[in-house]
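Spelled out from the first residue to the last, the chains are:
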Amino acid sequence: MGWNGKILRVNLTEGTVKSEPLNMDWAQKYLGLRGLASKYLIEEIDPKVDALGPDNKLIFATGPLTGTAASTGGRYSVVTKGALTNAIACSNSGGYFGAEFKFAGWDMMIVEGKAPKPVYISIIDDKCEIRDAADIWGKSVWDTDEWIKKRHQDPMMHIAAIGVAGENQVLYSCIVNDLHRAAGRSGVGAVMGSKNLKAVAVRGTGGVKVKDGMRFMKATREAKKVLQENAVTGAGLPAYGTQVLMNVINEAGAMPTRNSRDVQFENAHDISAEAMATPRKTDGKPNLLTNQACFGCTIACGRISKIDETHFTIQNKPQYMHASGGLEYEAAWALGSNTGVDDLEALTYVNFICNEQGLDPISFGATVSAAMELYELGLINQETTGGIDLKFGSAEALVKCVELTGKAEGFGKELGLGSLRLCTKYGRPELSMSVKGQEFPAYDSRGIQGMGLTYATSNRGACHLRSYTVSSEILGIPEKTDPLTTDGKPALVKAFQDATAAVDSTGLCIFTTFGWTLNDIAPQVDAACTGEWSPERLLETGERIWNMERVFNNKAGFTAKDDSLPARLVSEPAKTGPAQGLVNGLAKMLPEYYALRGWTNDGVPTNETLSRLEL
Amino acid sequence: MHKALVIDPGKCTGCKQCEMACSYVKTGEFNVSKSRIRVFDFHTEARFVPYTCTQCAEAWCQQACPVNAITTNADGVKVVNDNLCVGCKVCTIACPFGTVNYNAETKKVIKCDLCLGSPACAEACPTSAITFQDSEQAGFDKMKLWATQAAHAATHEGPNAPVAKG
Amino acid sequence: MDYVVLGAGPAGVTAAETLRSIDKTARITIINGEKEPQPYSRMAIPYYIYGKIEEGGTYLRQTEDHYGKMGIEYRVGRCGGIDSKGHKVHLSGGESIPYDKLLIATGASPIIPPMPGANLPGVHTCWTLNDAREILKHADKGSPVVLVGAGFIGCIILEALYLKGCKITIVEFAPRMVARMMDETAGGMLGRWCQKKGVDVRVSTKVEGIREGSDSPDAKLTVDLSDGTSVPAALVVLAVGVRSNINFLVGSGVETNVGIKVNEYLETTAPDIYAAGDCCEGIDLSTGKPDMLAIQPVAVEHGRIAAQNMAGHPTPHEGSLNMNVLDTMGLISSSFGLWQGAPLGKTAKLIDEDNFKYLKLEFEGDKLIGAQCVGMTDHVGMLRGLIQTGFHLGEWRDKLLEAPERLREAYVAVSQARPNYGPVAPHTNTPVAKAG
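Residues numbered from 1 in each chain as written. Chains lettered and ligands numbered in written order. Predicted model: local features only at pLDDT ≥ 70, side-chain atom pairs only at ≥ 80, totals over all residues.

> For the overall build of chain C, give the residues involved together with the corresponding values.
Looking only at helices and strands, chain C features 10 helices and 26 strands. Its C-alpha radius of gyration of 23 Å places chain C within 12% of the 22 Å reference for a compact globule of 436 residues. For chain C, the spread of C-alpha atoms along the three principal axes comes to 65 × 60 × 40 Å. Taken over 436 residues, chain C has a buried fraction of 54%. The contacts in chain C between residues at least 6 apart in sequence include a share of 62% that link residues at least 24 apart. (Helix = DSSP H or I, 4+ residues; strand = E, 2+ residues; numbered from the N terminus. Rg over C-alpha atoms; globule rule 2.2 N^0.38 Å. Buried ≥ 20, exposed ≤ 12 C-beta atoms within 10 Å, placed from the backbone. Contact = placed C-beta atoms within 7 Å.)

Here is the structure:
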């Protein structure tokens, strides 16, 4: 119950498709998505494997609450060894793909090997086939979506695909489903590309059963009420999306700006949620048309935008003159504040291209930002960039970059390496605002101290979604802590990390935790799943997952040295705002964090810790 | 006074909670393909349209049924009586709204019956895009209202369009 | 006021009920030409044959004493002729029944092809409930059955015989199955489906004759075919077509072609006499011309409109849409309107031979005028909605030409955009019953 109990194993080298029973002992220990798929990955691959080689595996996983009436119960994860990070990667996505996959009767799909030529996988209920993708190799995510639906003559199919970025193994390429939802980070798209796998198309007409239907409906109803009555999930996110944060974070002095040289962006308001909703001077229409929910989501933070038809970015490009996924906060920041670009329409266009070509806008924007700094420093010039005047604040430059990167043409090829490899190439690795090779997102850890520890210890490289202490430090959820101090942050980070790992493994969206605690989530899991699920058991499951990921990374070659932040954050004080004069206090937090985790001073889980967690 | 489902596509976010609730009530599991209500997604127009039976005052399906298996209950709801339905599917082609469907598993037809008084879809809808209200409106009036609201939504001034601040 | 309704099929019963809903005091008599305790539905016969329902399940109305409660007199009798001047119906027993207004809803009867042996015991048509009872005597599990005719009705019976477990050979003179309902692709698909299910399908084949005796121990008959082969049969079912029951009208003043001629109020050429259902040539909505559309929904529509006119509420019949739905051993197909298309129209096709799926849409300008569908049932009524309402599809026509499977989206998109043209309840002009 909750789980379908079935996994698909697709070997692209051999061209075989197999159905296997789900290991229910593991399901009880790791739930689904992130936890369960990581367990399978760790059992099945050598941590030192080449992420882009045929021996890496790519797992698409749903969870026990995916495809149920639980609010946001439509998530799936892609788990693999990350192309960008060489660490364990888990990218979570919404849209409708995950639920459809579950309705087809599966919990998970493990993709092995490498196809001799481009293919896509079609899953129509219990029928799974590897099919020729010659006609769509080289096509965008959007065209691929359309082509597959037409090929199968079924507009109800849901498709997860890579764009040209993934084909070209851009190291931060993502897997995009339902046109603009993405398993975005760590280069899972590049891994998919390396396997010559263009897309996975699913149609499911079966049902998902839960353990105790009446109790489940009651638990989900009560939990939905909590989301509805919560100011963030019930009002802020539906109306403004995650972009509700743009002004808030800017005012907190925690907005990484121009490659983190600044912590406040003077034009943040022009690219904020408020700006998106304000009618444009040019055509009198707002950028934002409406909000959209992912499957089962009663929050509906998704943005649907339409670009001003007179804007320079889409002149003579009717294919972009329709509604599509609009700016989320992370994208608006990465493409905007971080590059100094304040042209909302240009950012929306670049975001469209990221969706269409399958690029992670966080890493892309941050890489462009790093390149802009290199350009300003004279380490690269117009010769390097192929004539692009790569100045901070230049929308034209940003647009040219995005058009080249997915296609891996010209300077785009270098941008496709990510900021760390790019900066290293030009002799200044410290200018890459990244941890474990992955660019960090939209929160400056000088203004939000907990986020420094979050980034440094995140198992998939810098990431806000592994322990979103912003919630506590800025928004006061579940309780307010001071963003400018390191006191208590190690425990806060650990608690967030463990809870998040559990939530990420259920099939629910992490955004629910603006309103929910594990006390709201456990009754839903318990009513749906075989076994007994208390908040304590969920938290312990999360801790188990966290340590399991850590063990993998250690075996892959990561050490305590990799739990670090770029020099800028720990040595260049914030210039303005509430955090003026502060650097991040990682050194103070890290030892305490290791101790709390039950790890050695070298960041290795002790045997006691491992056996306590049954690892 | 009869109550009716009033659907306002302008408020719909496409979450499919209605489909989940419907399928759960009708089949005991979550299976949107068995839902009596379906949300249509016009993504390039930023529009989501929940769609189901309007319980026509004088229903095509009912009149086409050769064995009187579709009856009107006290609330004006057109109900398929499973014990009488032979599965001939004439109602499925007769209903010009396409809201009577054949279920190959049960070999009977299925349609919305407003959950006999408390529609699960309306209860599950988080944005009040689907409400269950007092109504004397016939199917046509409902369609008109619905369509007017849809047209309104298409101008992107629907109730869930965000409000500009300051 | 005396209303008499000849015929107790869906047209007759709907008419009687409609008359009663308008006129609370009139005398209404409905006369069934078949000796049955209650009016029943032919559509339900296949389900009776394979045991899904009992005889009672075939009845058109299911409430206890339905006709008595409505004050409708139900009786059995064969009509021998009509005296339209004297306003009388003559029954074959010699009795005469006077009327003020008369509705002829006598339906149709199966054609018995002129072939040797068509009258032998074990050779039956499958049209009436009584035919079904006879067929049941022979259609045992495993017994060889030859079904002559693979039209709509033949296919419906086929399903029932298949589910009974009979060993079936189907013989069709036309080059494909359901030739009058669907095109070569669909007919071919149905043929392959039947073969796959173990039915022996012989198209472009004629029955030369049926004779007694056979080599097979479980068959008493032998059917000789034009391809030179002979097939043993315990039962031969004839389903080659139907014709209107109108012979009794000779000399009555009611003019006929293949069916009864009517004007737009479903009035015949004789005063105070109306016609409805299979015996009547009503307007085909697609062509605007009179035609015999022998299907259940049309019979109901005729019955209702004729009754309204009889009761003094002039209601023109604007035409009925030809449509059919067929379940051939689990493969469901349907056709609507001008499925053959229009000379200058455009066609959208979706063909998936492997999965037995087919959708063909026929457009004239930007309107849908006809459709065929195999292996798809979800929201299929939308096809009727689009054709009957005459929605202008606009840009959606081009989208459908590219991807006909987007039909449902197209329907919702256009039906929402143009409320004034949307389908409405089947009739909005039924007068409210007068008190007393």
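Text resumes after the structure shown.
> Summarise the interface of chain B and chain A; cite the residues concerned and give the values.
Taken together, the 31 residues of chain B in the interface contact 34 residues of chain A. Looking at the side of chain B that touches chain A residue by residue, the class counts come to 12 nonpolar, 14 polar and 5 charged. (Nonpolar A, V, L, I, M, F, W, Y, C, P; charged D, E, K, R; others polar.)

> Report on unusual backbone geometry, specifying residues and quantitative values.
For residues that are not glycine, phi is negative in most cases, and the peptide bond is trans in most cases. At the junction of Ile477(A) and Pro478(A), the peptide bond is cis and its omega measures out at -5 degrees in the coordinates. Within the secondary structure, Pro478(A) sits in the loop between helix H19 (470–473) and helix H20 (489–503). Even without being glycine, Glu614(A) reaches a positive phi, approximately 55 degrees. Along the chain, the position of Glu614(A) falls in the segment after helix H25 (607–612). Accessibility expressed as a C-beta count within 10 Å gives 8 for Glu614(A), which makes it exposed. You will see that Lys89(B), though not glycine, has its phi angle at about 75 degrees, which is positive. Checked against the element boundaries, Lys89(B) lands in the loop between strand E5 (78–80) and helix H3 (90–94).

> Account for the domain arrangement of chain C, naming residues and giving values.
Residues and elements named next belong to chain C. The domains assigned to chain C are domain 1 (2–110 + 242–310), domain 2 (123–238) and domain 3 (330–421). The distance between the C-alpha centroids of domain 2 and domain 3 comes to 32 Å. Contacts between domain 2 and domain 3 engage 8 residues on the former and 10 residues on the latter. Grouping the amino acids of the side of domain 2 that touches domain 3 by side-chain chemistry returns 6 nonpolar, 1 polar and 1 charged. (Domains from an automatic or database assignment.)

> Describe the pairing of strand E5 (residues 88–93) of chain A, with residues and values.
All names here are of chain A. With respect to burial, E5 is a largely interior element, 6 of its 6 residues being buried. Of the two faces of E5, the one carrying Ile 88, Cys 90 and Asn 92 and the one carrying Ala 89, Ser 91 and Ser 93 are both buried. In this sheet, E5 lies alongside strand E4 (residues 76–81) in antiparallel orientation, the contact comprising 6 bridges. What sits directly across from Val 79, in E5, is Cys 90. (Pairing = 2+ DSSP bridges.)

> So what's going on with the domain arrangement of chain B? Residues and values would help.
Residue and element names in this part refer to chain B. Entries for chain B in the domain assignment read domain 1 (1–55 + 114–166) and domain 2 (57–111). Taken together, the contact pairs 12 residues of domain 1 with 9 residues of domain 2. Here the side of domain 1 that touches domain 2 is built from residues that sort into 4 nonpolar, 6 polar and 2 charged.

> How would you summarise the sheet that holds E5(A) if you had to cite specific residues and measurements?
Residues and elements named next belong to chain A. Read from one edge to the other, the open sheet built from 6 strands follows the order E2-E1-E6-E3-E4-E5, with strand pairing classed as mixed. Strands at the two margins of the open sheet, each flanked by one partner only, are strand E2 (16–21) and E5. Across the sheet, the mean angle from the axis of one strand to that of its neighbour is 15 degrees, orientation sign disregarded. Two strands pair when backbone bridges link them, and strand E3 (residues 58–61) and E4 are joined in this way by 3 bridges, in the antiparallel orientation. Of the residues in E4, the one forming a bridge with Phe 60 is Val 78. (Axes fitted to C-alpha atoms, helices over the stretch in contact; angles between N-to-C directions.)

> Go over the pairing of strand E14 (residues 221–225) of chain C, please, and point to the residues and values.
All names here are of chain C. The pairing of strand E13 (residues 207–212) with E14 spans 5 bridges and is antiparallel. Of the residues in E14, the one forming a bridge with Val 207 is Leu 225. Note: E14 against strand E15 (residues 230–233), 4 bridges, orientation antiparallel. Along E15, the bridge assignment pairs Asp 224 with Ser 230.

> Account for helix H15 (residues 395–405) of chain A, naming residues and giving values.
The periodicity of an α-helix, 3.6 residues per turn, causes residues three or four places apart in sequence to face the same way. Residue and element names in this part refer to chain A. Here H15 lies mainly inside the structure; 9 of its 11 residues are buried. Of the positions making up H15, those classed as buried are Ala 395, Ala 397, Leu 398, Val 399, Lys 400, Cys 401, Val 402, Leu 404 and Thr 405. Each element contacted by the buried residues of H15 is listed here: helix H5 (164–167), helix H11 (329–337), helix H12 (344–357), helix H13 (361–376) and helix H16 (411–415).

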